[in-house]
Amino acid sequence: MAKPKVRYVCTECGSAQMKWMGKCPDCGEWNTLEETLIQESAAGVGRGSAGSPLGAPQPLALPDIPAEPSQRILLKNGELNRVLGGGIVPGSGILVGGDPGIGKSTLLIQMAANVAQTVGKVLYVSAEESAYQIRQRASRLSITEPNLFILSDTVLEQILDRILEVKPALVIVDSIQAIHSSANNSAAGTVSQVRDCTAHLLRLIKHENIPLFLVGHVTKEGTIAGPRVLEHMVDAVLQLEGERFHSYRLLRSVKNRFGSTNEVGVFEMGENGMEEVANPSEFFLAERLPNASGSAIAVPLEGSRPLLVEIQALSSPTAFSQPRRTANGIDFNRLLLVTAVLSKRVGINLTVQDIFVNVIGGMKIGEPAADLAMAAAIASSYRNVAVAADLAVIGEIGLSGELRSIGQLPRRLGEAAKLGFKRAVVPRNALRSKGNDLPKGIEVIGVRTLSEALGVALME
Ligand code: TYD
Ligand code: MG
């Protein structure tokens, strides 16, 4: 066998360099190269991996390949099913990322209990907590499944053996950064360890057709720690997000080889762990004060699902030479654009006003379709008149003060109608393309400009 060689592996893109450099020549990131011992295989590239212990796959004629890999495991939790694209695909590797304490272990142990109850044995490998700690969490959640097996171990080779012994219907590894392979000399959590351990686990579960959930830590910047290649290796990447002071959590699918990406599941962290929120719009509007000024309802899309969220604005005369602008949950540059258009095209003089915009519930809106609701909230606060309580406000604002068309209007209107909204202001152009399939029970008012929209929205 060849001697291990020292290489410098990039934590961002996973490329290996001969010498250390400040900047990775492949992905251009700074300070990402990490010293790593690499065991070069004696076989060399191009000669195949003869004698692979798991057997070599054979080519299949296209029609002989089954359309669905095999039966998906359907979970009790509808929000999880949605994010996974309709249940767990056997043999798939799923990476779950998120800040510490956000609820990854809680969500996964609840899912494990569900699968243990309906399908069969589940192996929960905890590399960070002792079996006793897991047991305590399980008792808090009233989980007593005899089919749920907890393994507290950090050595990859032993974990692989246990998987082969137990032959579970589902494996969970919490977390991938805490396990290490004894064949690799680097410390646990380094790029080469994380990559090797993931590769070995994936190879085994694909061969055995067992689904695998990997918990991944998140770095300060919010990306999953370890090389970006980790995200390329797995079939799906789910990201659990939330605000520290809010109980709701969003589970986003960032990548999914077996379903659509950008799907979002909404959960609430409560006494009994992570509970699904079947009707998130209702949840986000629960504390709304109808007929208060400075509030408007936007209908942004979260993945493929429209959500109703309240945007609040406060405009008050500034005490400074430079007025203040604060945006919470909405893009700051979008706020600047909307205030500039309100000043220049509608004649609302905001140059001497401090403006605060807040999306209620800690939601983050990344869509320009919420522009109009933001503008309506600001104008409503400035003039101190309310936006009608039964009105949803949808549309993107252009620099000339025109309203620009937005996608998926019927679905957004459908969600608003479902929650009892009676009217919606929308860009007139959006109606042209989707004339016929608008939902019933909601009056749709098409307007061309921001001024017209404010005329409809503000109860003056
Ligand atoms: P945890 O699942 O351990 O987070 P992660 O694995 O992402 O680090 O969740 C820890 C937090 O969740 C902790 O602050 C306590 C809280 N929690 C609840 O609010 N309700 C519950 O039922 C449980 C089990 C935890
Ligand atoms: Mg945890």
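Thresholds applied
Residues numbered from 1 in each chain as written. Chains lettered and ligands numbered in written order. Predicted model: local features only at pLDDT ≥ 70, side-chain atom pairs only at ≥ 80, totals over all residues. Heavy atoms only, no water. Buried < 20%, exposed > 50% of the residue type's maximum accessible area, 1.4 Å probe, protein only. Helix = DSSP H or I, 4+ residues; strand = E, 2+ residues; numbered from the N terminus. Pairing = 2+ DSSP bridges. Arc of directions from axis to C-beta. Near = heavy atom within 4 Å. Polar contact = N/O pair within 3.5 Å; in protein donor to acceptor, adjacent residues only side chain to side chain. Areas by Shrake-Rupley, 256 points an atom, 1.4 Å probe, with all protein chains shown as cover. Nonpolar A, V, L, I, M, F, W, Y, C, P; charged D, E, K, R; others polar. Core = buried A, V, L, I, M, F, W, Y, C linked by side-chain atoms within 4.5 Å. Contact = heavy atoms within 4.5 Å. Domains from an automatic or database assignment. Axes fitted to C-alpha atoms, helices over the stretch in contact; angles between N-to-C directions. Parallel < 35°, antiparallel > 145°, perpendicular 65-115°, else oblique. Left-handed = near helix turned anticlockwise from the far one by under 90°. pLDDT = per-residue confidence, 0-100.

Q: I tried to follow the pairing of strand E5 (residues 122-126) on my own but got confused; where do I start?
A: Note on strand geometry: in a regular strand, side chains alternate between the two faces of the sheet. With five of its five residues buried, E5 lies for the most part within the structure. Taken together, the five bridges between E5 and strand E6 (residues 148-152) define a ladder with parallel strand orientation. Among the inter-strand pairings, valine 125 is bridged to a residue of E6, identified as leucine 151. As paired strands, E5 and strand E7 (residues 170-174) are joined by five bridges and run parallel to one another. Residue pairing in the sheet places serine 126 in a bridge with aspartate 174 of E7.

Q: Help me understand helix H3 (residues 131-140), please; the structure alone is not making it clear to me.
A: Side chains three or four residues apart in an α-helix point the same way, a direct result of the helix having 3.6 residues per turn. Listed in full, the buried residues belonging to H3 are Ile134, Arg137 and Ala138. Relative to the axis of H3, the buried residues are bounded by an arc of 100° and lie together on one face. Looking at H3, the residues exposed on the side facing more than 90 degrees away from the buried face are Tyr132, Arg135 and Arg140. Serine 142 sits one or two residues past H3 and shows a positive phi near 55°.

Q: What exactly am I supposed to notice about unusual backbone geometry here?
A: Leaving glycine out, the prevailing phi sign among residues is negative, and the prevailing peptide bond configuration is trans. Across the junction of aspartate 174 and serine 175, the peptide omega takes the value 5°, indicating a cis bond. Among the structural elements, serine 175 can be located in the loop between E7 and helix H5 (191-208). The phi dihedral of lysine 167 is positive, around 45°, even though this residue is not glycine. Within the fold, lysine 167 resides in the loop between helix H4 (156-166) and E7.

Q: Mind showing me how you'd approach the site of ligand 1 here?
A: Close contacts around ligand 1 come from 16 residues, with Gly101, Lys104, Ser105, Thr106 and Arg137 the closest. Isoleucine 102 has a polar backbone atom sitting 3.4 Å from an oxygen atom of ligand 1. In the model, an oxygen atom of ligand 1 is placed 3.0 Å from a nitrogen or oxygen of the glycine 103 main chain. Look at ligand 1: alone it shows 560 Å² of surface, and the protein chains cover 72% of it. Elements with a minimum of two residues in the shell around ligand 1: helix H2 (104-118), H3 and strand E11 (264-270). Ranked by residue count, the leading element in the shell around ligand 1 is H2, at three residues. Residue classes in the shell around ligand 1 are distributed as four nonpolar, seven polar and five charged.

Q: Would you explain the nonpolar core in this entry?
A: Soluble, globular proteins show a tendency: their nonpolar side chains are buried together. Ranked by size, the top nonpolar core spans 48 residues in total, and within it Leu342, Val357 and Ile378 carry the most contacts. The element contributing the most residues to this core is helix H9 (residues 371-383), with eight residues. Residues within four places of valine 357 in sequence aside, it is in contact with Ile311, Gln312, Ala313, Thr326, Ala327, Asn328, Ile330, Leu335, Met374 and Ile378. Listed in part, the 34 residues of the second largest apolar core include Leu75, Ala112, Leu251 and Met274.

Q: How should the domain arrangement of the protein be read in this particular structure?
A: A common way to state how big an interface is: give the accessible area lost once the parts meet. By domain assignment, the protein separates into domain 1 (6-37), domain 2 (71-278) and domain 3 (283-457). Between domain 1 and domain 3, the C-alpha centre-to-centre distance is 45 Å.

Q: Looking at this model, I keep getting lost on the side chain of threonine 106. Mind explaining?
A: Inspection of the secondary structure puts threonine 106 in helix H2. With relative accessibility at 12%, the residue threonine 106 sits in the buried group. Among all residues touching threonine 106, those that are not within four sequence positions of it are Arg137, Leu141, Met269, Gly273 and Met274.

Q: Hey, could you run me through the packing of helix H8 (residues 332-346) against H9 in this one?
A: Between two packed helices, what matters for the description is the angle formed by their axes and the separation of those axes. Between H8 and H9, the least distance of the axes is 10 Å, while the angle of their chain directions is 60°. Between H8 and H9, the interaxial angle falls into the category oblique. Every pair of crossing elements has a handedness; the one defined by H8 and H9 is right-handed. For the pair H8 and H9, contact is made by Arg334, Leu335, Val338, Thr339 and Leu342 and by Asp371, Met374, Ala375 and Ile378, respectively.

Q: What am I meant to see in the confidence of the model for the protein here?
A: For residues with low pLDDT, the predicted coordinates do not support detailed interpretation. Mean pLDDT over the protein stands at 87; residues scoring 70 or higher make up 92%. Of all secondary-structure elements in the protein, the lowest mean pLDDT belongs to strand E3 (residues 33-39), at 76, while H9 reaches the highest, 97. Segment residues 41-51: pLDDT under 50, and one contact once partners within four positions in sequence are set aside and those in other chains are kept.

Q: Could you clarify how one ought to interpret the sheet that holds strand E8 (residues 212-216) in this entry?
A: Note on sheets: strands pair through backbone hydrogen bonds, and any given pair is parallel or antiparallel. Spatially, nine strands are ordered E6-E5-E7-E8-E4-E9-E10-E11-E12 in an open sheet, and the strand pairing comes out mixed. The outermost strands of the open sheet, each flanked by one partner alone, are E6 and strand E12 (273-276). Taking each pair of neighbouring strands and ignoring which way they run, the sheet shows an average axis angle of 25°. Where E7 meets E8, three bridges bridge the pair, whose relative direction is parallel. Of the residues in E8, the one forming a bridge with isoleucine 172 is phenylalanine 213. Along the sheet face, H5 touches strand E4 (93-98), E7 and E8 and points at about 165° away from the line of E8.

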